[in-house]
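Below are the chains, spelled out letter by letter.
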Amino acid sequence: MTARSPAAVSDTGPRVDGAPARNPALPKDLAANPRLDRWVSVHDDGTVEVRVGKVEFGQGILTALAQVAAEELDLPLDRVRMPGASTATGPDEGLTAGSMSIIEAAPAVRLVCAQVRALFAAEASRRWRTDLATIEVAGGEFRGPAGASATYAELAGSVDLAVDADPATPVKDPAGYRLVGTSAARLDLPGKVAGLPRFIADLRLPGQLFGRVVRPPSPGAQLTAVDASAVGEGVRVVRDGSFLGVIGPDEAEVGAAADALRRVARWAETDTLPDEDDLAGHLRRAPAEATTVVDDGPAPRATGPILGARYTRPYLAHASIAPSCGVARWELDGTLSVWSSSQGIHRLRDAIAQALGLGADAVVVQHVENAGCYGHNGADDAAFDAVLLARAVPGRPVQARWSRADELGWAPFGSAMAVEVTAQLDGAGRIASWRYDVWSQGHTARPGYAGVPGLLAGASLEQPRPAPPASDPPQAAGGGTSRNAVPLYDVGNRCVRGHRVLDNAVRSSALRALGAHMNVFSIESFLDELAWAAGADPLEFRLRHLDDERARAVLTTAATAAGWGGALDDGLGRGIGLARYKGRGAYCAVVAEVEAVHDIRVRRLTVAVDVGRIVNPEGVRMQIEGGAVQATSWTTKERVRFDRRRITSDDWESYPILRFTEVPEIDVRLVDRPDLPSVGAGEAAQGPTAGAIANAVAAAVGVRVRDLPLTTEAVTAVINR
């Protein structure tokens with residue numbers, strides 16, 4: 001039997017939703033979920049199960065947290081089990097987003113496991129009637145005088161974990177770490193490499209059916225008529241208002257039925273989308289909520305030149321290799337089971353319950369991996385699709401899988417953005433003043449935002465639940481539109497403002513790094529333009545305006561490793577970019593080497609990163625490499641295309657992404673700070689990579705392209721102006 005493993009208990013204390021923590025002395029996530037048995041169970045086979053609310057989607061977070069747990073438990077890493085997050089059995093840690101998993105979950109896991117180890121050591125001391133100081137723990141075994149020994153499993157029946165965490169529990173000194181700080185092998189990779197069924201599309205439950213949703217041809221379209229006889233026998237049509245789908249036992253037949261239904265469905269459509277060729281004008285003209293991020297007052301007089309520039313970014317898609325998928329089963333007792341790759345399973349649970357008028361305790365959401373999502377993609381929407389389809393067949397699980405066209409046309413996008421910036425140089429070639437405005441739609445429309453479910457199909461129901469414009473995280477949490485809009489540099493007198501556009505004609509939400517990709521691209525591009533105007537080397541110009549020693553360290557580390565200042569052949573350019581994510585997270589500097597002869601090709605990226613104390617060096621490298629590759633694709637290729645009615649970039653030809661043959665060589669240098677708290681790495685590289693590539697392109701071709709993506713056509717258009 002499993003010792004002391006109560007699973008379906010309610011969280012004690014408030015959930016992570018901004019409410020005051022029950023015990024402010026505890027780490028935030030632990031204060032909201034203080035019961036130890038919500039986090040840890042000890043099994044008879046000697047393994048320890050550690051449950052967290054953060055989810056694995058390819059970033060390696062469960063491996064890193066397992067290292068933290070094993071370190072404090074004095075247990076071999078292969079004896080720690082990290083199941084997928086579940087609303088029924090694990091803590092509510094909010095979203096797995098914003099590069100916050102290590103920051104939020106690691107301190108909670110560290111303290112929980114330290115206290116579990118202490119409780120087991122105390123039981124060994126009691127059992128052997130010896131002083132606690134004589135108990136040693138190694139390899140998961142407790143040892144006492146006269147050869148006494150016991151494992152976690154042997155002691156578990158006498159240890160009660162149904163207690164609250166104690167903030168006074170001592171944790172280990174990092175100087176003695178044996179696992180944290182090492183490149184432990186990823187726990188999730190063997191099964192993936194072997195092709196074992198571990199993704200949500202592989203899930204097969206007893207009696208499972210397959211479903212497909214017939215999407216409207218355009219946002220806001222209303223279903224006026226449909227001939228259900230167009231589908232074959234054995235396939236069931238499900239309709240609720242303009243929500244239209246099919247269910248059946250054979251996946252291929254269900255797909256064919258959906259295609260047939262799509263051909264006979266009739267829709268009322270209107271033009272609702274903005275002019276794709278004037279996105280900057282659309283954003284600046286639309287009603288917006290303005291926020292002043294920083295304002296140092298009127299700028300002092302200076303005698304140097306005043307420079308200004310405008311930069312733009314199009315809408316970006318998540319473009320995951322595997323489309324979104326969800327599975328749901330309406331239980332015969334009226335409860336609901338859902339399987340999803342959502343980044344926020346508790347928020348999804350609450351949104352589904354709200355949309356259907358259920359109590360939250362009637363819905364259980366279990367996380368199952370899918371392709372990396374990089375933010376708010378279609379995972380939550382696919383889960384709700386499955387719920388609506390499964391409602392028609394109580395007791396039978398239904399898998400709803402999106403098509404490629406669904407994924408590229410209907411998942412939330414990263415918002416288009418526009419920036420206007422001006423600065424003045426003084427007589428010594430330093431920046432004396434800085435004025436910066438950024439326009440964007442909101443960057444978060446996750447389930448439950450703005451008090452609404454926020455799920456795609458909700459707007460199509462007979463009793464619709466439409467979604468308002470996307471919001472932004474508060475500035476204290478990093479912001480959205482204005483994320484990283486304040487330069488890391490000393491730019492003199494500053495005024496930085498964000499403008500959240502109150503428009504949702506094109507659906508937007510969280511895409512990796514939120515506004516930081518565009519803001520850092522703009523800031524780093526403009527820094528180079530100012531350096532040129534001052535007649536300064538871009539690296540020296542940055543160092544001239546940089547007092548932060550950690551920022552200087554990553555900048556000089558990347559520059560030295562890349563051979564900054566060395567000669568390059570004609571048609572090649574080198575550029576640099578730097579940022580500290582959210583102004584308080586990881587420091588990252590990137591040097592890009594770009595070839596711009598027949599087309600734009602990023603040949604090499606040299607990256608230096610400081611994430612404080614490194615938990616898993618190889619994990620950090622993989623996160624930084626992945627972010628840099630994705631940012632290269634965004635910066636040189638990606639753009640959502642649409643006319644006034646429909647999204648038109650719904651396949652890989654119309655929405656190209658970086659191909660394997662185009663991936664640059666990437667050299668990641670880690671600047672370890674073992675004496676400082678750990679921060680996340682997942683979103684540190686996006687902005688600096690974009691800025692470095694833009695500056696390298698400008699160095700290679702001699703003209704500045706300020707509108708993303710930096711394609712051959714964009715360069716040619718600037719040259720021909």
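Quick note: structure is the one above.
Residues numbered from 1 in each chain as written. Predicted model: local features only at pLDDT ≥ 70, side-chain atom pairs only at ≥ 80, totals over all residues. Heavy atoms only, no water.

### Section: the nonpolar core
Formed by 77 residues in total, the largest nonpolar core has its most connected members in Ile431, Trp434, Tyr436, Phe526, Leu530, Leu605 and Ile624. Top contributing element to this core by residue count: strand β22 (residues 587–596), with 8 residues. Among the nonpolar cores identified, the runner-up in size contains 50 residues, and Val42, Ala69, Leu155 and Tyr177 belong to it. (Core = buried A, V, L, I, M, F, W, Y, C linked by side-chain atoms within 4.5 Å. Buried < 20%, exposed > 50% of the residue type's maximum accessible area, 1.4 Å probe, protein only. Helix = DSSP H or I, 4+ residues; strand = E, 2+ residues; numbered from the N terminus.)

### Details of the sheet that holds strand β9 (residues 236–240)
On the basis of which strands lie adjacent, the open sheet formed by 7 strands has the order β9-β10-β7-β17-β14-β15-β16 and mixed pairing. In the strand order of this sheet, the two ends are held by β9 and β16 (363–367), each with one partner. Recorded for the sheet is a direction-independent mean angle of 25 degrees between the axes of neighbouring strands. The strands touched by helix α9 (residues 379–390) within the sheet are β7 (209–213), β9, β10 (243–248), β14 (325–330), β15 (336–340) and β17 (398–401), with β14 carrying the most contacts at an inclination of about 35 degrees. (Pairing = 2+ DSSP bridges. Axes fitted to C-alpha atoms, helices over the stretch in contact; angles between N-to-C directions. Contact = heavy atoms within 4.5 Å.)

### Things to note about helix α6 (residues 251–264)
Helix length check: α6, at 14 residues, gives a terminal C-alpha distance of 20 Å against a target of 20 Å (1.5 Å per residue), a fit within 8%. Within α6 the residues assigned to the buried category are Glu251, Val254, Ala257, Ala258, Ala260 and Leu261. Where α6 is buried, its residues meet β7, β9, β10 and β17. Between the side-chain oxygen of the N-cap and the backbone nitrogen of Ala252 there are 3.1 Å, and the N-cap of α6 in question is Asp250. (Expected span 1.5 Å × (residues − 1). Polar contact = N/O pair within 3.5 Å; in protein donor to acceptor, adjacent residues only side chain to side chain.)

### Some words on the side chain of Ser633
Residue placement: Ser633 occurs in helix α14 (residues 617–636). For Ser633, a relative accessible area of 4% translates into the label buried. Look past the residues within four positions of Ser633 in its chain and what remains in contact with it is Glu638, Ile657 and Leu658.

### Section: the sheet that holds strand β4 (residues 136–138)
Taking strand neighbours across the sheet as the criterion, the 3 strands line up as β4-β5-β6 in an open arrangement whose pairing is antiparallel. Among the strands making up the open sheet, the edge pair consists of β4 and β6 (149–151). Each neighbouring strand pair of the sheet contributes to a mean axis angle of 25 degrees, computed without reference to strand direction. Relative to β6, strand β5 (residues 141–143) runs antiparallel, the two sharing 3 bridges. By the bridge assignment for β6, Arg143 is matched with Ser149. Sitting on the sheet, helix α3 (residues 101–128) is in contact with β4, β5 and β6, with an inclination near 40 degrees to β5.

### Quick notes on α9
For α9, which comprises 12 residues, the first-to-last C-alpha distance of 16 Å matches the rise-based estimate of 16 Å (1.5 Å per residue) to within 8%. For α9, the tally of buried residues reaches 12 of 12 residues, placing the bulk of the element in the interior. For α9, the full list of buried residues reads Ala379, Asp380, Asp381, Ala382, Ala383, Phe384, Asp385, Ala386, Val387, Leu388, Leu389 and Ala390.

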